[in-house]
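# Summary of structural features
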Amino acid sequence: MLRSSARRQQPAWANAYGARHRNDGKRMKLFALFAFPALVLGGGGYVLNEYANVESISDDYCYERIDQHQSVFLIDSSFTHDMSDAQFRDLLTAHQRAYRALPANGRISIYTTAAHVNGSIPSPVFSACRPAATPAEQDAIGAPSKPAPYLRNQAADAEAEFLAAVDAVLADARDPDTAAADSPVLEQLYAISIDPGFQGLDRSLTVVTDGIQNSEIARFCSVRGDMPSFSAFETRPAYQDVRPDSFAGTQVSILLVEFGELPAPGLEHCTNQELRNWWRDYAEANGAEHLRLTPLRYWAQR
């Protein structure tokens, strides 16, 4: 009993030490309790901040780059509702090839003169980029690394959206209610040439037209003398207002839609060859260095 009582009784200094030790322990626990979340949140904040600084791709699959390739399609919608199925297939093929030929992050834009979207300062009815499809392409444009399956799926989604947009544009082109009432091809080419989004030397331009300019400036084929040789036409005062900025370095493709042999009733003042020569001379005189002119035949229908 005496031993038990002695064991229970502690000196005063021991009691004070034990109380202080217990209080210190509580303080350390409280410190840990509050400090740990702060440390986690602080570290998480750092991670989130670092993640926020990672460049992300835009909704139209583009990373902004000053050397970005620009590919433009201009569709003259004054005649397209009369095109044959074969010619529409040609247009679809041309769009597909242009998209697939884009370098990674190259932008493709489609302009039309359809009645519900036309204007003197045109804007594209569709514009997007072809995103990188492989880690090597992603690295080549200096974009954040992504897993190969992710890039492959993203590229497939982007192409599917592009082809859906082309289908919608071509559906408009087939609709007589959206057909343009005139054909200001020269005016539209001038507007595109000065568009801030179509500058630099890494660019391509595809023009879908029947070649028949039809506006206040000139009415090709239907009015005698309105389509002289290009060398004569470019001296006219009216042309100075629509002379485009240089197409230097631009890959220019003219898809010349033909419906038959010219001259024809209502278009008595030109031939098919004269139209081809005129547009070839126009492009070359304005600096196009890589010109390709392709007649799109109507083809016989069953």
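Residues numbered from 1 in each chain as written. Predicted model: local features only at pLDDT ≥ 70, side-chain atom pairs only at ≥ 80, totals over all residues. Heavy atoms only, no water.

### Brief notes about the environment of A156
Its location among the elements puts A156 in helix α5 (residues 148-174). A relative accessible area of 46% means that A156 is categorised as partly exposed. Separated by 26 residues in sequence, A156 and R130 have C-alpha atoms that sit 9.6 Å apart. (Helix = DSSP H or I, 4+ residues; strand = E, 2+ residues; numbered from the N terminus. Buried < 20%, exposed > 50% of the residue type's maximum accessible area, 1.4 Å probe, protein only.)

### Describing the state of the cysteines
A complete count under the given rule lists two disulfides for this structure. Note on cysteine connectivity: C62 is disulfide-linked to C129, with sulfurs 1.9 Å apart. Between C62 and C129, the disulfide has an S-S torsion of 100 degrees and is therefore right-handed. Taken together, the positions of C62 in the loop between α2 (12-52) and β1 (70-75) and C129 in strand β3 (residues 126-129) put the pair 67 residues apart, joining distant regions of the chain. Assigned by exposure class, C62 and C129 land together as buried. One disulfide in the model links C221 with C270; its S-S distance is 2.0 Å. Handedness of the C221-C270 disulfide follows from its S-S torsion of about 100 degrees: it is right-handed. Here C221 is found in the loop between β4 (203-209) and α7 (230-233), whereas its partner C270 is found in the loop between β5 (251-257) and α9 (272-285), with 49 residues between them in sequence. For the residue pair C221 and C270, the accessibility class agrees, reading buried in each case. Cysteine pairing for the chain (bonded cysteines numbered in sequence order): 1-2, 3-4. (Disulfide = S-S within 2.5 Å.)

### Regarding empty space enclosed by the protein
Inspection of every chain in the model, using the stated rule, returns one cavity of 30 Å³ or more. Computed from the structure, the largest cavity encloses a volume of approximately 50 Å³. Counting only elements with at least two residues in the lining of the largest cavity, the list comes to β4, β5 and α9. The element best represented in the lining of the largest cavity is α9, accounting for three residues. (1 Å grid on protein atoms, 1.4 Å probe; cavity = no way out; pocket = protein on both sides within 12 Å on 5 of 7 lines; lining within 4 Å. Points joined across faces, edges and corners; volume = space filled by probe spheres on them.)

### Quick look at the sheet that holds strand β6 (residues 290-296)
Read from one edge of the open sheet, six strands run β3-β2-β1-β4-β5-β6, paired in mixed fashion. Taken across any chain shown, the strands that pair with only one partner, and hence form the sheet edges, are β3 and β6. Along the sheet, successive strands turn relative to each other by an average axial angle of 10 degrees, direction set aside. As paired strands, β1 and β4 are joined by six bridges and run parallel to one another. Residue pairing in the sheet places Q70 in a bridge with R203 of β4. Across the sheet, α5 lies against β1, β2 (107-112) and β3, angled at about 10 degrees from β2, the strand it touches most. Lying over the sheet, helix α6 (residues 185-193) contacts β1, β2 and β4, oriented at roughly 160 degrees with respect to β1. (Pairing = 2+ DSSP bridges. Axes fitted to C-alpha atoms, helices over the stretch in contact; angles between N-to-C directions. Contact = heavy atoms within 4.5 Å.)

### Here's the deal with unusual backbone geometry
The omega torsion of the bond from L262 to P263 falls at 5 degrees, within 30 degrees of zero and hence cis. With respect to the element layout, P263 can be found in the loop between β5 and α9. The phi dihedral of Y61 is positive, around 65 degrees, even though this residue is not glycine. Counting through the fold element by element, Y61 comes out in the loop between α2 and β1. The class of Y61 is buried, set by a relative accessible area of 13%. Phi at N105 takes a positive value of approximately 75 degrees, unusual for a residue other than glycine. Within the element layout of this structure, N105 appears in the loop between α3 (85-101) and β2. What makes N105 buried here is its relative accessible area of 4%.

### Observations concerning the pairing of β5
Burial within β5 is extensive, with five of its seven residues counted as buried. In this structure, β4 lies alongside β5, joined through six bridges in parallel fashion. Looking across to β5, one finds that T209 is bridged to L256. Here seven bridges tie β5 to β6, and the two strands are oriented parallel to one another.

### Some words on the packing of α3 against α5
The relative placement of two packed helices comes down to the angle between their axes together with the axis-to-axis distance. The contact between α3 and α5 brings their axes to 11 Å, and the two run at 150 degrees. Taken together, the axes of α3 and α5 lie roughly antiparallel to each other. Relative to α5, the crossing made by α3 is right-handed. Counted together, D85, F88, L91, L92, H95, Q96, Y99 and R100 of α3 and A158, E159, F162, L163, V166, D167, L170, A173 and R174 of α5 form the full contact between these two elements. Its residues assigned to classes, the contact of α3 with α5 comprises ten nonpolar, two polar and five charged. (Parallel < 35°, antiparallel > 145°, perpendicular 65-115°, else oblique. Left-handed = near helix turned anticlockwise from the far one by under 90°. Nonpolar A, V, L, I, M, F, W, Y, C, P; charged D, E, K, R; others polar.)

Purely geometric numbers; function is a separate question.
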